[in-house]
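Remarks on the overall topology
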Amino acid sequence: RKMSAKPVREYYGKQLLSKYIKEYSGGEHEFEGRGILVKSGVNDPTSTVTWETLLQDNAWVKETKLVAKPDQLIKRRGKAGLLAINKTFDECKAWV
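Residues numbered from 1 in each chain as written. Predicted model: local features only at pLDDT ≥ 70, side-chain atom pairs only at ≥ 80, totals over all residues. Heavy atoms only, no water.

**A look at a nonpolar patch on the surface**
The grouping of Leu16, Tyr20 and Tyr24 at the surface amounts to a nonpolar patch, some 360 Å² of accessible area in total. By the secondary structure assignment, Tyr20 is in helix 1 (residues 10–24). (Patch = residues over 30% accessible without salt bridge, like charges linked within 9 Å, V, L, I, M, F, W, Y side chains within 5 Å. Areas by Shrake-Rupley, 256 points an atom, 1.4 Å probe, with all protein chains shown as cover. Salt bridge = Lys/Arg side-chain N within 4 Å of Asp/Glu carboxyl O. Helix = DSSP H or I, 4+ residues; strand = E, 2+ residues; numbered from the N terminus.)

**Comments concerning the nonpolar core**
Ranked by size, the top nonpolar core spans 10 residues in total: Val42, Trp51, Leu54, Trp60, Val61, Leu66, Ala68, Ala84, Phe89 and Cys92. For this core, the secondary structure elements donating two or more residues are helix 2 (51–57), strand 1 (66–68) and helix 3 (89–95). Beyond its immediate chain neighbours, meaning those up to four positions away, Ala68 contacts Leu82, Leu83, Ala84, Cys92 and Trp95. (Core = buried A, V, L, I, M, F, W, Y, C linked by side-chain atoms within 4.5 Å. Buried < 20%, exposed > 50% of the residue type's maximum accessible area, 1.4 Å probe, protein only. Contact = heavy atoms within 4.5 Å.)

**Considerations on the environment of Leu66**
Secondary-structure assignment places Leu66 in strand 1. The spacing of Leu66 and Lys87 is 21 residues in sequence and 5.1 Å in space, taken between C-alpha atoms. Apart from residues no more than four positions distant in its own chain, Leu66 is found in contact with Trp60, Val61, Ala84, Ile85, Asn86, Lys87, Thr88, Phe89 and Cys92.

**Observations regarding the packing of aromatic side chains**
For the structure shown, the criterion picks out 3 aromatic pairs. Both rings, one in Tyr20 and one in Tyr24, keep their centres 6.0 Å apart while their planes meet at 65°; by these two values the pair is edge-to-face. Of the two residues, Tyr20 and Tyr24 both sit in helix 1, 4 residues apart, roughly one turn of that helix. According to the relative accessible area criterion, Tyr24 is exposed, its value standing at 67%. Considering the side-chain rings of Trp51 and Phe89, the 5.9 Å spacing of their centres and the 80° angle between planes classify their relative orientation as edge-to-face. Here the residue Trp51 occupies a position in helix 2, and Phe89 occupies one in helix 3, the gap between them amounting to 38 residues. Assigned by exposure class, Trp51 and Phe89 land together as buried. (Phe/Tyr/Trp six-rings, centres within 6.5 Å; stacked < 30°, edge-to-face > 60°.)

Structural data, given as structure tokens:
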């Protein structure tokens, strides 16, 4: 088997996994795959996607602890301090 030559963002990979894992595992596995892709324009008040719109569309983020990390091809993100783990939405927002 060959690996894809095109890089795929972790966010989209998890979305694909959550969509197809149950079907391809014969119902043996499920993956909820909740996540939000926060793009660089989120702090721009003229952007169509802001922290407020993300929160409106994903109210669940206020009810659970979260993980924030850059979705880039960076090795050893944890050692570089590029992971925010077990944080609230407001803590992740400040970290980003």
